[in-house]
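Breakdown of the fold
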Amino acid sequence: MADEQVHLVAVIGAGPAGLFATRALAAQGCRVVLINRDVKPGGLAEYGIFLNKYKMKGGLRRQFQKILSDPRVTYLGHVTVAERGDLTVEALAGMGFDALVFAIGAQGTKYLGLEGERLPGVYHAKDLVYHYNRLPPFSERPFPMGRRVAIVGVGNVMVDIANYCAHFCDVDEVIAVARRGPFEKAYDDREFEDVEDAFDQALYREELERIRPRLEAVGQNPDEPMAAVAARGEPSPRCRTRLRFRFLASPRRVVAENGRVVGLEVEETRLERKGDRVAAVGTGVTTVIPCDTVVFAVGDRVDEHAGLPYRDGLYLTVPGDDPAGAYQVLDETAGKARAGVYVVGWARKASDGVVGRARLDAETGIKHVAAFLAERPKRPLAEAERVVDGLRRALAERGTTVVDYPAVQRLEAVERARATADRVEEFKFSSDREMLDQLRG
Ligand SMILES: Cc1cc2nc3c(=O)[nH]c(=O)nc-3n(C[C@H](O)[C@H](O)[C@H](O)COP(=O)(O)OP(=O)(O)OC[C@H]3O[C@@H](n4cnc5c(N)ncnc54)[C@H](O)[C@@H]3O)c2cc1C
């Protein structure tokens, strides 16, 4: 309706958090512009969830398609909002939106500061995951995997990487390295079923016997995880890769010879109870785990160059007890909320949980955005459209090739046709150039 009155909101980042935030805003009658770095929407739902979880990805894609087909929503893909992006936060903030919601995920890398951490053959999980899920530019770089891969971390991402090694690469052995013990594992048993055929139960029992005294010292009984494993029975058929665990081992450095990784030096730890927590404490004894590839699967940080106030891996939000504050970006100079600027999802809490959690976080954040908007006057839809046109013009002047949602749908149709022709479940173009060429063609 020409005389309709609306609020105009920009959501930055079209992963699950940004998409569900968009849905919640559109449901309240807002006009929403969804700006996304990647050509295609979905974030880690498209480029993180494991390769062959086609059913889960398909279900999410269908939900996202509905959100993106809403006439209140404009998708602008292939646009980065960052210090050196297509637009800066300040430029976007000056364009006349009523609120900005940042849902840009956790794109920074959590370096542990270890010697050898940046050698060839040493990867951070997110980069490798983006690579095998074909997200440009990671899809365009080789990520060679050796025969013995040490994965640091024991969460669900470790399981995904082990799955990739065992079923998509030629890896003899995967060693999951944990600073603490089997009782502090962070992966879900359901997820672990995907690598059960690689899991070496005999080596697991051996490892539990090796650390038995250190577990018992904090009242943990190694017979419990042993019994749980025995109850699962031996998988059949077995896969060629052996997956083993190395508990109570804190990485110290990546050992290299002539620039090639030959091992991961770890310090043996013991456990100590600290209140409810069990902490790992170094013993000073070091050993080297022989391996030729190391993958750090220890979670991520937010991108410190996005242009939002940043400290220690997180964006700064308003401290204190007000629940809204946790979603409001802090204006550091004024010492209070930056009016109308919010963070949701993994941009608010890096590497925190599954898609359902990101959705809940986005929906909670949008409740606070709605309370803020309720205090602001609406404007005629036509006026909001002029702001959207102004944004498009600014991007065109910069030479940015914006990919809108109809273009994404055309691209996806071409990819589906290629998958059918190649008799594969899924086909994805692996560079932005290929995708943009397809669209121009
Ligand atoms: C390896 C791995 C496997 C996973 N497997 C599962 C699973 O099986 N099931 C499950 O439920 N969950 C899984 N998750 C968790 C799930 O992916 C996350 O909970 C969810 O994707 C977080 O959503 P988000 O929108 O906050 O961030 P993201 O999904 O990271 O989305 C961020 C979006 O922001 C965009 N962006 C980034 N920077 C900018 C910028 N500067 N300007 C504009 N746009 C930008 C990106 O292009 C991206 O689209 C997995 C996560 C990982 C890492």
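So, here is what we can say about the structure in this document.

**Here we look at the packing of aromatic side chains**
What the rule picks out here adds up to 19 aromatic pairs. On the basis of an interplanar angle of 65° and a centroid distance of 5.5 Å, the ring pair of Phe-50 and Tyr-132 is categorised as edge-to-face. On the criterion of sequence distance, the pair formed by Phe-50 in the loop between α2 (44-47) and α3 (54-68) and Tyr-132 in helix α5 (residues 125-132) is long-range, its members being 82 residues apart. Neither residue differs from the other here; Phe-50 and Tyr-132 are each classed as buried. With centroids separated by 5.3 Å and ring planes inclined at 15°, the aromatic side chains of Phe-245 and Phe-247 adopt a geometry described as stacked. Accessibility expressed as a relative area gives 4% for Phe-245, which makes it buried.

**A word on the site of the ligand**
If you check the shell around the ligand, you find 31 residues, and the closest are Asn-36, Asp-38, Leu-44, Trp-346 and Gly-353. With respect to the ligand, the backbone of Leu-44 contributes an N or O atom lying 2.8 Å from an oxygen atom. Taking Lys-53, its side chain carries an N or O atom lying 3.0 Å from an oxygen atom of the ligand. Protein chains bury 94% of the 1,000 Å² of accessible surface belonging to the ligand in isolation. Sorting the residues of the shell around the ligand by element identifies α1 (16-27), α6 (156-168) and α10 (355-374) as the ones contributing at least two each. Split into classes, the residues belonging to the shell around the ligand amount to 17 nonpolar, ten polar and four charged.

**A short note on the sheet that holds strand β9 (residues 173-177)**
Strand order across the open sheet formed by five strands is β7-β14-β8-β9-β10, with parallel pairing between neighbours. Of all strands in the sheet, those with a lone pairing partner are β7 (122-124) and β10 (242-246), marking the two edges. The sheet shows a mean angle of 20° between the axes of neighbouring strands, taken without regard to direction. Summarising the sheet, strand β8 (residues 148-152) and β9 pair through five bridges and their orientation is parallel. Note on β9: the bridge partner recorded for Ala-150 is Ile-175. Here α6 sits on the sheet in contact with β8, β9, β10 and β14 (293-296), set at roughly 170° to β8. Taken strand by strand, helix α8 (residues 201-216) contacts β9 and β10, and its axis lies near 10° from that of β10.

**Observations concerning the side chain of Gln-328**
In this structure, Gln-328 sits in strand β18 (residues 328-331). With sequence-adjacent residues up to four places away left out, Gln-328 is seen in contact with Leu-316, Thr-317, Val-318, Ala-337, Val-341 and Tyr-342.

**So, the sheet that holds strand β11 (residues 249-257)**
Strands sit in the order β11-β12-β13 across an open sheet of three strands; the sheet is antiparallel. With partners counted over all chains shown, the strands left at the sheet margins are β11 and β13 (277-290), one partner each. With strand direction ignored, the average angle separating the axes of adjacent strands in the sheet is 20°. One ladder, built from eleven bridges, connects strand β12 (residues 260-274) with β13; its direction is antiparallel. The partner of Val-266 across the bridge, within β13, is Thr-287.

**Overview of helix α13 (residues 432-440)**
Among all positions in α13, only Met-435, Leu-436 and Leu-439 are buried. Viewed along the axis of α13, the buried residues span an arc of 95°, placing them on a single side of the element. Exposed residues lying more than 90 degrees from the buried face of α13 are Arg-433 and Arg-440. Looking at the buried side of α13, the elements it contacts are α12 (405-421).

So, how was this worked out
- Per-chain numbering applies: the sequence of each chain, read as written, is numbered from 1 onward.
- For a predicted model such as this one, the threshold for reporting local features is a pLDDT of at least 70, and the threshold for listing and counting side-chain atom pairs is 80 or more; totals across whole chains, interfaces and linings nevertheless cover every residue.
- Derived side-chain values reflect all non-hydrogen atoms in the structure, with water molecules and hydrogen atoms excluded from consideration.
- Between 30 and 60 degrees the pair is tilted, below 30 it is stacked and above 60 it is edge-to-face, where a pair is any two Phe, Tyr or Trp rings, Trp via its six-membered ring, whose centres lie within 6.5 Å.
- For the purposes of this entry, the term helix denotes a DSSP run of H or I that reaches at least four residues, the term strand denotes a run of E that reaches at least two, and both are numbered from the N terminus.
- The cut-offs for exposure are 20% and 50% of the maximum accessible area for each residue type, with area from a 1.4 Å probe on protein chains only; residues under the lower value are buried, those over the upper are exposed, and the others partly exposed.
- A molecule or strand has a residue near it when one of that residue's heavy atoms lies within 4 Å.
- We call two N or O atoms a polar contact when they sit within 3.5 Å, provided that within protein one can donate a hydrogen and the other can accept it, with sequence-adjacent residues counted only if both atoms are side-chain atoms.
- With residues, only the protein chains shown are counted as cover, and all accessible areas are computed by Shrake-Rupley using a 1.4 Å probe.
- Each residue is assigned to one class: nonpolar for Ala, Val, Leu, Ile, Met, Phe, Trp, Tyr, Cys and Pro, charged for Asp, Glu, Lys and Arg, and polar for all the others, Gly among them.
- Pairing between strands is defined by DSSP: at least two bridges between the two strands are required.
- Axes, fitted as lines to C-alpha atoms, cover a helix only where it is in contact. Angles between the N-to-C directions of the axes lie from 0 to 180 degrees.
- Contacts between residues were defined by any pair of non-hydrogen atoms, one from each residue, lying within 4.5 Å.
- The arc in question is traced by the directions running from the helix axis to the C-beta atoms.

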